[in-house]
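Residue strings, one per chain:
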Amino acid sequence: MKVPVKTAGFAALFISLSLFCTAAAQARNEAVFFSIQDAIKSDETNSKIRDDVRFYFGNQPYSAVEAVLSQRYVAYKKGSILDSTELEACNKTFLAALAQFQEHARRLGGNAVTNIESFYKKISFKSNDKYECHAGRSRTGVVLRGDIVRLNK
């Protein structure tokens, strides 16, 4: 039985699209929550984070604000899971987002980032001790939002 070329082409296209859609539907994007303190105490912190800009998560108390330099600044970072565990990859991505906060605060003359919350897909998750990381099969993503300020010393 001969199959017309057009029919065979459409069949191949249909099979390719259904395989692509199945693979896309199975892509992993799972929200996981890890300790802020454990990430900050990791060996990676010393190379990325300095202590000239302080971080205050969730509702942690801080001293009086001298000036608000940037409200609701968003730091978004992606990372790779390929050479590490999910925890290690998420911690590295989290620290990269904190480093982005620090760099922005320095540029603006700030010495703190307050009210830090996870903000993945514009959904707020506020915690004093946990951050949200989204892990896929090979990538991680961390989105943080906070206020860049100059605190009274």
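Think of each chain on its own: its residues are numbered from 1, step by step along the sequence as written. Since the coordinates come from a predicted model, pLDDT governs what is reported: local features require at least 70, and pairs of side-chain atoms require 80 or more to be given and counted, while whole-chain, interface and lining totals use all residues. Based on all heavy atoms of the structure, the side-chain values leave hydrogens and waters out of the count.

**Here's the deal with the nonpolar core**
If you look at the biggest cluster of nonpolar residues, it comprises 24 residues, and the most contacted ones within it are Phe55, Phe94, Leu98, Phe101, Tyr131 and Leu144. Secondary structure counts use DSSP, requiring at least four H or I residues in a row for a helix and at least two E residues in a row for a strand, with both numbered from the N terminus. Elements with a minimum of two residues in this core: strand 1 (30–35), helix 2 (36–40), strand 2 (54–57), strand 3 (65–80), helix 4 (86–108), strand 4 (112–118), strand 5 (130–135) and strand 6 (139–151). Of all the elements, helix 4 adds the most residues to this core, at 7 residues. We call two residues contacting when some pair of their heavy atoms lies within 4.5 Å. Excluding anything up to four places from it in sequence, Tyr131 contacts Val32, Phe33, Phe34, Ser35, Ile36, Ala39, Cys90, Asn91, Phe94, Ser118 and Val142. Among the buried residues, those of types Ala, Val, Leu, Ile, Met, Phe, Trp, Tyr and Cys that are joined through side-chain atoms within 4.5 Å form a nonpolar core. In this scheme, a residue with accessible area under 20% of its type's maximum is buried, one over 50% is exposed, and one in between is partly exposed, where area comes from a 1.4 Å probe on protein chains only.

**Regarding the confidence of the model for the protein**
Regions with low pLDDT should not have their predicted coordinates read in detail. Mean pLDDT over the protein stands at 86; residues scoring 70 or higher make up 80%. Contacts of residues 21–26 to residues separated by more than four positions or lying in other chains number 1 contact, the stretch itself having pLDDT below 50. A residue's pLDDT is simply how confident the predictor is in it, with values from 0 to 100.

**What about the pattern of salt bridges?**
Salt bridges are defined as contacts in which a side-chain nitrogen from Lys or Arg sits within 4 Å of a carboxyl oxygen from Asp or Glu. Taken as a whole and judged by the stated rule, the model has 4 salt bridges. Note that Glu66 is salt-bridged to Arg150, the shortest N-O span being 3.0 Å. Residue Glu66 is found in strand 3, and its partner Arg150 is found in strand 6; the two are separated by 84 residues along the sequence. Note on Arg150: relative accessible area 28%, which makes it partly exposed. With a shortest N-O distance of 3.3 Å, Glu103 and Arg107 are connected by a salt bridge. Separated by 4 residues within a single helix, Glu103 and Arg107 lie in helix 4, roughly one turn from each other.

**Some details on unusual backbone geometry**
At Arg72, a residue that is not glycine, the phi angle is positive and equals roughly 55°. Counting through the fold element by element, Arg72 comes out in strand 3. Judged by its relative accessible area of 58%, Arg72 is exposed. Of note, the phi angle at Asn115 is positive, near 55°, even though the residue is not glycine. With respect to the helices and strands, Asn115 occurs in strand 4.

**Some words on empty space enclosed by the protein**
In this analysis, the protein atoms alone were mapped onto a 1 Å grid. Cavities are point sets where a 1.4 Å probe fits without being able to get out; pockets are open sets with protein on both sides within 12 Å along at least five of seven lines; lining residues have an atom within 4 Å of a point. Grid points are joined across faces, edges and corners, and a volume is the space filled by probe spheres set on the points. Here the structure, examined in full by the defined rule, presents 1 cavity of 30 Å³ or more. The computed volume of the largest cavity comes to approximately 40 Å³. What lines the largest cavity is Ile36, Phe57, Ile116, Glu117, Ser118, Phe125, Ser127, Lys130, Tyr131 and Leu144. When residues are sorted by character, Ala, Val, Leu, Ile, Met, Phe, Trp, Tyr, Cys and Pro go into the nonpolar class, Asp, Glu, Lys and Arg into the charged class, and all the rest, Gly among them, into the polar class. Taken together, the residues of the lining of the largest cavity sort by class into 6 nonpolar, 2 polar and 2 charged.

**Structural notes on the environment of Asp147**
Turning to its location among the elements, Asp147 is positioned in strand 6. Overall, the relative accessible area of 13% leaves Asp147 in the buried class. Linking Asp147 and Leu69, residues 78 residues apart in sequence, is a C-alpha distance of 7.6 Å. For Asp147, the residues in contact, after removing those within four places along its chain, are Ser70, Gln71, Arg72, Ala112, Val113, Thr114 and Asn115.

**Side note on the environment of Ser124**
In this fold, Ser124 is placed in the loop between strand 4 and strand 5. Sequence-wise, Ser124 and Leu144 are 20 residues apart; in three dimensions their C-alpha atoms are separated by 9.0 Å. Excluding its chain neighbours within four sequence positions, the residues that come into contact with Ser124 are Glu117, Ser118 and Phe119. Counted as a polar contact is a pair of N or O atoms within 3.5 Å, where, for protein atoms, one must be capable of donating a hydrogen and the other of accepting one, and residues adjacent in sequence contribute only when both atoms are in side chains. There is a polar contact of 2.7 Å between the side chain of Ser124 and the side chain of Glu117.

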